[in-house]
Amino acid sequence: MASADQEVTRMFRVRRTVLQMLKDRGYLVLDNEKDLGMSAEQFRTRYEQANFAAEALTILKSKRDNPADQIYVFFPVDPKVGVKPIREYCERMERDEIHNAII
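The residue numbering used here restarts from 1 in each chain and proceeds along that chain's sequence as written. In view of the model being predicted, local features appear only for residues whose pLDDT reaches at least 70, and side-chain atom pairs are presented and counted only at 80 or more, with totals across whole chains, interfaces and linings using the full set of residues. Where side-chain values are given, they derive from all heavy atoms of the structure, hydrogens and water being excluded.

## Re the sheet that holds strand β1 (residues 59-62)
Here, any two strands with at least 2 DSSP bridges between them count as paired. In this description a helix means any DSSP run of H or I spanning at least four residues, a strand means any run of E spanning at least two, and both kinds are numbered starting from the N terminus. Read from one edge of the open sheet, three strands run β1-β2-β3, paired in mixed fashion. The open sheet terminates on both sides in strands that have one partner only, identified here as β1 and β3 (100-102). Recorded for the sheet is a direction-independent mean angle of 20 degrees between the axes of neighbouring strands. Angles shown run from 0 to 180 degrees and are taken between the N-to-C directions of axes, each axis being a line fitted to C-alpha atoms and, for helices, limited to the stretch in contact.

## Some details on the nonpolar core
We call a set of buried residues a nonpolar core when its members are Ala, Val, Leu, Ile, Met, Phe, Trp, Tyr or Cys and they connect through side-chain atoms within 4.5 Å of each other. For every residue, the accessible area (1.4 Å probe, protein chains only) is compared with the maximum for its type, and the residue is labelled buried under 20%, exposed over 50%, or partly exposed between those bounds. The biggest cluster of nonpolar side chains holds 17 residues, and the ones touching the most others in it are Leu22, Phe43, Leu57, Ile59, Val73 and Phe75. We call two residues in contact when some of their heavy atoms are within 4.5 Å. Setting aside anything within four residues of it in sequence, one finds Val73 in contact with Val18, Leu22, Leu57, Thr58, Ile59 and Ile102. By size, the runner-up hydrophobic cluster in this structure holds five residues, among which are Tyr72, Tyr89, Met93 and Ile98.

## Digging into the packing of aromatic side chains
Each aromatic ring pair is specified by the distance between its two centres and by the angle formed by the two planes. Centre distance within 6.5 Å is the pairing criterion for rings of Phe, Tyr and Trp, where only the six-membered ring of Trp is used; planes under 30 degrees apart are then read as stacked, over 60 as edge-to-face, and the remainder as tilted. In this structure the tally under the stated criterion is four aromatic pairs. Ring plane angle 20 degrees and centroid distance 5.5 Å describe the contact between Phe43 and Tyr47, whose orientation is recorded as stacked. Of the two residues, Phe43 and Tyr47 both sit in helix α2 (residues 40-49), four residues apart, roughly one turn of that helix. Owing to a relative accessible area of 3%, Phe43 belongs among the buried residues under this scheme. Above the plane of the ring of Tyr27 lies Lys63, whose end atom (NZ or CZ) is 4.8 Å from the centre. Whether a charge sits over a ring comes down to the Lys NZ or Arg CZ being within 6 Å of the ring centre and within 35 degrees of the ring normal.

## Brief notes about the side chain of Arg44
Locating Arg44 in the fold gives a position in helix α2. Setting aside anything within four residues of it in sequence, one finds Arg44 in contact with Asp5, Val8 and Thr9.

## Brief notes about helix α1 (residues 4-24)
In an α-helix, one full turn covers 3.6 residues, which means residues spaced three or four apart are oriented alike. Expected helix span is computed as 1.5 Å times (number of residues minus one). Under the 1.5 Å per step criterion, the end-to-end length of α1 is 30 Å for 21 residues, consistent within 8% with the ideal 30 Å. For α1, the set of buried residues is Val8, Met11, Phe12, Arg15, Val18, Leu19 and Leu22. Take α1 and look down its axis: the buried residues cluster within an arc of 135 degrees, on one side only. Looking at α1, the residues exposed on the side facing more than 90 degrees away from the buried face are Arg13 and Asp24. Considering only its buried residues, α1 is in contact with α2, β1, β2 (70-73) and β3. Here the arc refers to the set of directions running from the helix axis out to each C-beta atom.

## Details of a nonpolar patch on the surface
Residues forming no salt bridge and having over 30% relative accessible area are the ones grouped into patches, like charges within 9 Å of each other and nonpolar side chains (Val, Leu, Ile, Met, Phe, Trp, Tyr) within 5 Å. Per-residue and other accessible areas were derived by the Shrake-Rupley procedure at a 1.4 Å probe size, with only the shown protein chains allowed to occlude residues. Note on definitions: salt bridges are taken to be side-chain nitrogens of Lys or Arg within 4 Å of carboxyl oxygens of Asp or Glu. On the surface, a cluster of nonpolar side chains totalling about 230 Å² of accessible area is made up of Val81, Ile86 and Ile103. Looking at where Val81 falls in the secondary structure, it is placed in the loop between β2 and α3 (83-96). Overall, Val81 belongs to the partly exposed group, its relative accessible area being 34%.

Right, dumping it as C-alpha cells:
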C-alpha cells in the first residue's frame, strides 16, 4: 500500500493531467495557482485542509467558447466504482444541469 505522501503526489499528478487534457479540449483552464500553476506543496496543503476528502478534488470547468457547456471531473473514494456513487454523481449532474463528466 502506498504511503500518504505517495498518494497525495499521485493525486496531484492525476489532477494536473486531467486539467491539461481539459485545456487541450477547449475548456477554460487557467495557468494560475488554482489550476495548472498549482505546485505540489500548494496541492498538499489544500488537500490536507479538506481532510483528504475526494469531494475536494472535484473539478467543474466550462468551455472557452460556450460557458453553458460544462464538465464535471469526479474522483471516487473507492478504487472500484459501484452503482451508488455513479447514481449520486448523476443526481448531482442533473441538479446542476451538467451533461458531461469524467469519473
